[in-house]
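Letter by letter, the chains look like this.
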Amino acid sequence: MAKLVALCKRRGIAFPSSEIYGGIGSTYDYGPYGVEIKNSISRLWWQEMTLSHDNIVGLDSATILHPKVWEASGHLAHFTDPLLDCKNCKSRFRADEIDVAKCPVCGMTGTLTEPRMFNLMYKANQGPVEDVENIVYLRPETAQGIYLDWQIVQETARLKVPFGIAQIGKAFRNEITPGNFIFRTREFEQMEMQYFVRPGETGPALEYWKEQRWNWLLSFGVRPEKLRWHEHEKLAHYARAAWDVEYEFPFGWSELEGIHDRSDYDLSAHQRVSGKDMQYFDPTTNERYIPHIVETSAGLNRTMLMLLCEAYREDVQAGEERIYLSLDPRVAPIKAAILPLVKKDGLAELAEQIYLKLRGRWPLFLDIQGSIGRRYRRMDELGTPFAFTLDYQTLEDGTVTVRWRDTLQQERISKDRIGEYLTEKLGERI
Ligand code: ATP
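Anyway, here's the lowdown on the structure attached to this text.

Calculation rules
Residues numbered from 1 in each chain as written. Predicted model: local features only at pLDDT ≥ 70, side-chain atom pairs only at ≥ 80, totals over all residues. Heavy atoms only, no water. Helix = DSSP H or I, 4+ residues; strand = E, 2+ residues; numbered from the N terminus. Buried < 20%, exposed > 50% of the residue type's maximum accessible area, 1.4 Å probe, protein only. Contact = heavy atoms within 4.5 Å. Near = heavy atom within 4 Å. Areas by Shrake-Rupley, 256 points an atom, 1.4 Å probe, with all protein chains shown as cover. 1 Å grid on protein atoms, 1.4 Å probe; cavity = no way out; pocket = protein on both sides within 12 Å on 5 of 7 lines; lining within 4 Å. Sits in = over half its atoms within 2 Å of the grid points. Nonpolar A, V, L, I, M, F, W, Y, C, P; charged D, E, K, R; others polar. Axes fitted to C-alpha atoms, helices over the stretch in contact; angles between N-to-C directions. Left-handed = near helix turned anticlockwise from the far one by under 90°. Pairing = 2+ DSSP bridges.

So, about the side chain of Glu-246. Within the secondary structure, Glu-246 is located in strand β12 (residues 241-249). Overall, the relative accessible area of 10% leaves Glu-246 in the buried class. Setting aside residues no more than four positions away along its own chain, Glu-246 makes contact with Lys-226, Leu-227, Arg-228, His-230, Trp-253, Ser-254, Glu-255 and Leu-256.

In structure tokens, the structure reads:
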């Protein structure tokens, strides 16, 4: 992890936020290349969930919802973690994560306090006056915005049960023990899809979505032995069944995303508290019912961390250590580098011409300065799959070398075929 964290900072992928003030504890900013990786993952998730399924549409709901939402959803009463402190070293823990007999930091026994329940929702005040009357909460999950809007979405998109609503957005949790880089932070992004089915049909939907989500993760080339299912015995307040996909991170097996049967828990609760009819009229059977829901809930930042952990490689090339990210080209922040071997004799100008012709279709990097070895190293560390190098032969016969990041295999192609080559490997454009 330390090596990966260092690489992410060195190369502008992700680094601590507010660093000039000493940081603000497990809060990260995503630099130019991190933004590209994150955007690619969310774009691929969106394509998978909405474009590949006729009955799933998108939504972008507000992050601050009516405070009654959190009363109805049960988050005010139940979205808590058991917090305890060590009276000796002042460390703070989640009681469900440690052996409470002795402090895992200072090793003293009998110094841990009794657990207190701590609500994870961030509070804020809406409007100019700070008052208990105007407390609002930053959403701890994106799902509730979908539940509030499901009828208008269903009507306007003319959907019939079964159908799904997908949303990507920020969620906030005042975690007691954030950590492990971007694995657990207090501000993060979720990619959630709520799937609405007839009562009694959550079982098959859960099985279907388990398979779909598993296959999506494998599509990135993740080693299957690094993934496993975990079924929850202790269920969250809203869940009737819960399965997590876990990944073996360098710090151990941990949750990557969850697939949950939420039954009619949320819609019934909103019907009860708001007084609004949350039923669906089924035109095929003429029945009215509150739909039941299966959700797939993935963390965008965690998915990114998993892909980075999978991609991190070290090898030795010509006696020199090399670090590279073997990222799926679809998520690589730069798809190809255009590199003149030297700056002089017209090679830099020719490289620029090639770059200008192709830019706009894929994120490309024209790198003219510095030794070729150093330029390759930078691209390897960013996971750039292809490097096109112009050398003196280019001036003679118009060919360039293509260097493939993982194997370092090189082939020569015509400089006029670079666009075609990239289209073959990456598609028309991103
Ligand atoms: P955990 O047990 O790790 O706290 P959870 O079971 O509370 O997670 P869910 O409420 O099911 O998580 O949230 C769905 C997904 O959102 C998780 O699988 C994870 O990918 C992501 N997620 C949840 N909390 C965080 C966080 N603090 N930082 C980053 N991602 C998170």
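Below, the discussion takes up the side chain of Asp-81. Its place among the elements puts Asp-81 in strand β4 (residues 80-85). Contact partners of Asp-81, with chain neighbours within four places excluded, come to Arg-94, Arg-116, Met-117, Phe-118, Leu-120, Glu-175 and Ile-176.

Take Ala-171: it is sitting in strand β9 (residues 163-172). Ala-171 gets classed as buried once you look at its relative accessible area, which sits at 0%. Each C-alpha atom, one on Ala-171 and one on Trp-214, is 23 Å from the other, the two residues being 43 residues apart in sequence.

Turning our eyes to something else, we now look at the site of the ligand. Not every one of the 16 residues close to the ligand is listed here, only the nearest: Glu-175, Arg-184, Thr-185, Glu-255 and Leu-256. Its free accessible area being 590 Å², the ligand has 88% of it covered by the protein chains. The site holding the ligand turns out to be the largest pocket. Breaking the shell around the ligand down by element, the ones donating at least two residues are β10 (187-197), β13 (252-263) and β16 (292-299). Among the elements that make up the shell around the ligand, the one with the highest residue count is β13 (five residues). Looking at side-chain class alone, the shell around the ligand contains four nonpolar, six polar and six charged residues.

Attention now moves to unusual backbone geometry. If a residue is not glycine, its phi is most likely negative; likewise, a peptide bond is most likely trans. Here the amide bond leading from Val-161 into Pro-162 is cis, since omega sits at 5°, within 30 degrees of zero. By the secondary structure assignment, Pro-162 is in the loop between α5 (143-156) and β9. One non-glycine residue, Ser-263, lies in the positive phi region at around 45°. Of note, Ser-263 is situated in strand β13. Residue Ser-263 is classed as buried on the basis of its relative accessible area of 9%. The backbone of Asp-345 sits at a positive phi, close to 60°, despite the residue not being glycine. The topology assignment puts Asp-345 in the loop between β19 (336-340) and α9 (347-358). Using a relative accessible area of 47% as the deciding quantity, one classes Asp-345 as partly exposed.

Moving on to the packing of helix α2 (residues 32-51) against helix α6 (residues 202-218). With their axes 12 Å apart at the nearest point, α2 and α6 run at an angle of 145° to one another. Along this stretch, α2 crosses α6, giving a crossing that reads as right-handed. From α2, Ile-41, Leu-44, Trp-45, Glu-48 and Met-49 reach across to α6, where they touch Trp-209, Gln-212, Arg-213 and Trp-216.

For the rest of this paragraph, the subject is the sheet that holds β16. Sheet strands associate in pairs through backbone hydrogen bonding, adopting either a parallel or an antiparallel arrangement. Pairing is mixed across the open sheet formed by seven strands, whose spatial order is β3-β9-β10-β16-β13-β12-β11. Edge positions in the open sheet fall to β3 (56-58) and β11 (227-231), since each of these has one partner strand only. Direction aside, neighbouring strands of the sheet carry axes that sit 25° apart on average. Looking at chain direction, β13 and β16 are connected through six bridges and run antiparallel. Directly across from His-260, in β16, lies its bridge partner Glu-295.

These figures capture arrangement, not role.
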